[in-house]
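# Chains, contacts and geometry: an overview
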Amino acid sequence: MATLLLPAGITSEASIRYKDEAELLEAAADPDRVYIEEIVPQKMKYNLQSIMEFSFFGDIATMFRTVFAVLGKDYSEEMI
């Protein structure tokens with residue numbers, strides 16, 4: 001429920017980390033299970049972390065990371 005407090009926006013840490021979510025799901029034997037059991041919990045973790053560690057400069061950094069992700073930087077190696 002806490003993640004519903006996040007304002008709708010263009011980007012977030014979860015969207016950066018899972019920008020290639022469709023490719024992950026296409027490669028999965030059971031896409032529904034992978035989405036529900038793996039991807040959604042990780043996205044919620046990033047969203048909750050964003051709420052707990054909110055800062056103006058953190059949001060600015062997320063915007064820059066989004067630009068780098070769109071330009072091709074791969075953040076998946078940092079995924080927990």
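Above this text you will find the structure in question.
Scope of this entry: the structure provided in the associated data block.

Between the first and last C-alpha of helix H4 (residues 56–70) there are 22 Å, a value that for 15 residues agrees with the 21 Å anticipated at 1.5 Å per step. Those residues of H4 that sit buried are Thr-62, Arg-65, Thr-66 and Ala-69. The arc that holds every buried residue of H4, seen down its axis, measures 110°, which confines them to one face. Looking at H4, the residues exposed on the side facing more than 90 degrees away from the buried face are Phe-56, Phe-57 and Phe-64.

Counting across every chain of the model gives one aromatic pair. Where Phe-56 meets Phe-57, the ring centres are 5.3 Å apart and the plane angle is 75°; that geometry is what we call edge-to-face. Residue classification places Phe-56 among the exposed positions, given a relative accessible area of 55%. We classify Phe-57 as exposed; its relative accessible area is 66%.

Relative to the helices and strands, Thr-66 resides in helix H4. Given the relative accessible area of 17%, Thr-66 is considered buried. If we ignore the near neighbours within four places in the chain, the residues touching Thr-66 are Thr-11 and Ile-16.

Positionally, Thr-11 belongs in the segment before helix H1 (13–17). When the C-alpha atoms of Thr-11 and Asp-59 are compared, they prove to be 9.4 Å apart, with 48 residues separating the residues in sequence. Excluding anything up to four places from it in sequence, Thr-11 contacts Ile-16, Thr-62 and Thr-66. Within the structure, Thr-11 has its side chain in polar contact with the side chain of Ser-15 (distance 3.3 Å). Polar contacts involving the side chain of Thr-11 include one to the side chain of Thr-66, which spans 2.5 Å.

Thresholds applied
- Residues numbered from 1 in each chain as written.
- Predicted model: local features only at pLDDT ≥ 70, side-chain atom pairs only at ≥ 80, totals over all residues.
- Heavy atoms only, no water.
- Helix = DSSP H or I, 4+ residues; strand = E, 2+ residues; numbered from the N terminus.
- Expected span 1.5 Å × (residues − 1).
- Buried < 20%, exposed > 50% of the residue type's maximum accessible area, 1.4 Å probe, protein only.
- Arc of directions from axis to C-beta.
- Phe/Tyr/Trp six-rings, centres within 6.5 Å; stacked < 30°, edge-to-face > 60°.
- Contact = heavy atoms within 4.5 Å.
- Polar contact = N/O pair within 3.5 Å; in protein donor to acceptor, adjacent residues only side chain to side chain.

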